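# Fold and geometry: a report
The residues making up each chain are set out below.
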Amino acid sequence: MALEQLSDVVQRCQALPDDSYTSEDHDVFTISGRTCIEEGDSAQVLSIVLDEKNQEIVRCMGWNLLPPLIQVLMNKDSEKLSQCLAIFNHLLQTCRPKELLIGLLEQLEQDDPVAIAESLHLLLKPLQRVLLCLGSRKASSLGMTLCSVLDQLAKLPLPHTKEQEEDDVFSLCRCCNDITDFVKPFVQEARQNLQNREGNIQRTDRGGELGRDKEDELGTELLKFCMKTLSHILLEAQLKDPDTLPESPLRDFATDILPLLRRRQVPGFLEEEVRYPKESLACLAHLLFVHHLAADAFPSVFSPVFALRCNMEHVCLLLSRTEESRIQKGLELYEKSLVRVEDGSLPADLLEIRSFLTVPQNLVKVMTLCTRHDLRTRGLKVLQLSIDKLNTEAKYNFLQYMLKTSSHSGVEGYVIKNIKNQIDAALQGAQLLPLLRKVLVLPDGPETDLLQYLDRIMESLNLLRYLVIRDKVTENQTGIWTELYKIEDTFLKPLRVGVNMSRAHYERELHDTLATKRGKVKAESMLSVSVGKEKLPNMTSESQIQALHSALHTFDMIESVLVRIEELTEVKENL
């Protein structure tokens, strides 16, 4: 039935003038032709398509047969595969390029990862062939095609392990190779266009400005493709270094993409933000400075400090995100940018640049909130590295800033520990006292929650103990001995009162809990725990007793350091 309908409509259209077919003719040809292919009558369809008398019909309507043909070609197991392939190739040769392009792009859209990989592998070469037939009018069509291709590629799972990339379990690597081959002739054409335009500019005088301002549309579409590849594919992928994976298809793909980038000075609204998205530039910086891809094309005259300044915006962007892949890239880029800088060389005026203060705040979020332990540990390492690169004045200002802005006891304790470790080298004399006044203080006086602020309090006590041991009363290099009476009033006495109050409170709680457990007076426990403002189930009496003993032990530890400091100050003051 379908074959008869196809033969009838073809015979009827043979008598019509070229391209004067009705919508009904198109519908009958499409439905009957597709049905014939689906039912296995591809040999008869091939005969009709190849008939010389039907070439005008095929040119106008043949592209409608693409969906069932491509389905057969993707399945590969049909007995009619060779006939369908012959029909497909003839359509590519005969049909109008714009209609073919639309039909092919429609078939490119898939949802299943296996189907996506197969459709890309099958259709990229035909798409390339069709686009090359468009001549000089291909730029917008190329841009539309590349956008569709990358949207499909982004749906494929990324290989996370060396074995997954080697085995190409998701076919992503094969698709990347296919895309690289797909863009090569267009890259060649764009370069030739650029050379021709530059030659024309050199041969013209007044007309040269017009030639210089004329936009290279093909090159622009390729630039958009590169930017989207950086932000949608390569920013998500974790490239393996050559020592881990000598032959890496993803690294080769990135290496092939980077040479296509060429900065074009073309005026336009929001040009920088649109043509050079910040995430794409951040990925580009990561590939260049971490993996050293295309490093031979990067100017070597830039100083390490200048490169660091340029990369800080990229680091800030990456570390501000919550995706682990971006956080990891931000840490790697920041670390690689810092290691080339000489220790103690970064001046204080760099801290006036917003990113030099925003990045440490982002690092604190990584160190305290990130779920991956390795990223938290690396964040701490990079923070210390960044402190080591600052000169004396910059260290002083930076540590003051961190103490002022941090609201996390562990981070405050780490900053205070850093001050202690670097006093001899950088923070001596009168400059130290304003910093110590910020350190040696209880946030809420005697009523401070000692357990919540334990890290800060212990590091503050360790710093004070270090100072009174290290600095002699007769020399007083740090100024600690003239400041001691103030420290006693603002820190040591309130802390002693706080320890006594807290110990008394917890001893009473322990006594009540033990009495409750012995007498079984109350069924419910008195101690509860809250995490993130959510109350957890009540603790058992055994857990309560253990927690209370732990708290009392903490107060004993604080008091022992307090007593040691008092002993040291009394002995030295009596010398």
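Residues numbered from 1 in each chain as written. Predicted model: local features only at pLDDT ≥ 70, side-chain atom pairs only at ≥ 80, totals over all residues. Heavy atoms only, no water.

- An unreviewed UniProt entry lists the protein chain under the name Glomulin, from Dissostichus eleginoides.

### Notes on empty space enclosed by the protein
- With the rule as written, the count across this model stands at 2 cavities of 30 Å³ or more.
- Within the residue set of the lining of the largest cavity, elements represented by two or more residues are α18 (324-339) and α19 (354-369).
- Here the lining of the largest cavity is composed, by residue class, of 9 nonpolar, 1 polar and no charged.
- By volume, the second largest cavity amounts to about 40 Å³.
- Every residue lining the second largest cavity is listed: Leu6, Phe29, Val45, Ile48, Val49, Asn54, Val58 and Leu65. (1 Å grid on protein atoms, 1.4 Å probe; cavity = no way out; pocket = protein on both sides within 12 Å on 5 of 7 lines; lining within 4 Å. Points joined across faces, edges and corners; volume = space filled by probe spheres on them. Helix = DSSP H or I, 4+ residues; strand = E, 2+ residues; numbered from the N terminus. Nonpolar A, V, L, I, M, F, W, Y, C, P; charged D, E, K, R; others polar.)

### Let's talk about the pattern of salt bridges
- Applying the stated rule across the entire model yields 29 salt bridges.
- Of the charged contacts in the structure, one is a salt bridge between Glu99 and Arg96, with a shortest N-O distance of 3.0 Å.
- For the salt bridge of Lys228 with Asp151, the shortest nitrogen-to-oxygen distance reads 2.8 Å. Within this pair, whereas Lys228 is found in helix α13 (residues 217-234), its partner Asp151 is found in helix α9 (residues 139-153), the two being separated by 77 residues in sequence.
- Where salt bridges share partners, they join Glu236, Glu279, Arg321, Glu323 and Arg326 into one cluster. (Salt bridge = Lys/Arg side-chain N within 4 Å of Asp/Glu carboxyl O.)

### Digging into the packing of helix α17 (residues 304-319) against α19
- Remark: α17 packs on α19, axes separated minimally by 9 Å, with the N-to-C direction vectors making an angle of 35 degrees. Crossing handedness for the pair α17 and α19: left-handed. Along its contact with α17, which presents Leu308, Arg309, Met312, Glu313, Val315, Cys316 and Leu319, the element α19 presents Ser355, Phe356, Thr358, Val359, Asn362, Leu363 and Val366.
- Looking at the contact of α17 with α19, its residues break down into 9 nonpolar, 3 polar and 2 charged. (Axes fitted to C-alpha atoms, helices over the stretch in contact; angles between N-to-C directions. Left-handed = near helix turned anticlockwise from the far one by under 90°. Contact = heavy atoms within 4.5 Å.)

### Quick notes on the packing of helix α1 (residues 2-14) against helix α3 (residues 42-50)
- Packing of α1 against α3 brings their axes to within 11 Å, and their N-to-C directions diverge by 5 degrees. One finds that α1 runs roughly parallel with respect to α3. Taken together, the residues of α3 that come into contact with α1 (itself represented by Leu3, Leu6, Ser7 and Val10) are Gln44, Val45 and Ile48.
- Of the residues contributing to the contact of α1 with α3, the split by class is 5 nonpolar, 2 polar and no charged. (Parallel < 35°, antiparallel > 145°, perpendicular 65-115°, else oblique.)

### Overview of the nonpolar core
- Formed by 168 residues in total, the largest nonpolar core has its most connected members in Leu153, Leu461 and Leu495.
- Beyond its immediate sequence surroundings of up to four residues, Leu461 is in contact with Phe491, Leu492, Leu495, Ile558, Val561, Leu562 and Ile565. (Core = buried A, V, L, I, M, F, W, Y, C linked by side-chain atoms within 4.5 Å. Buried < 20%, exposed > 50% of the residue type's maximum accessible area, 1.4 Å probe, protein only.)

### Brief notes about the confidence of the model for the protein chain
- Mean pLDDT over the protein chain works out to 86, with 88% of the residues at or above the 70 mark.
- Confidence over residues 205-215 falls short of pLDDT 50; this stretch has 8 contacts with residues more than four positions distant or in other chains.
- The model gives residues 521-525 a pLDDT under 50, and that stretch makes 5 contacts with residues more than four places away or in other chains. (pLDDT = per-residue confidence, 0-100.)

### Description of the packing of aromatic side chains
- Across all of its chains, the model carries 3 aromatic pairs by this definition.
- Seen from their ring centres, Phe182 and Phe186 are 5.5 Å apart, and the 55 degrees between their planes marks the pair as tilted. With Phe182 and Phe186 both in helix α11 (residues 172-203), this residue pair falls 4 residues apart, about one helical turn.
- Relative accessible area serves as the criterion here: at 2%, Phe182 is assigned to the buried category.
- Residue classification places Phe186 among the buried residues on the basis of a relative accessible area of 0%. (Phe/Tyr/Trp six-rings, centres within 6.5 Å; stacked < 30°, edge-to-face > 60°.)

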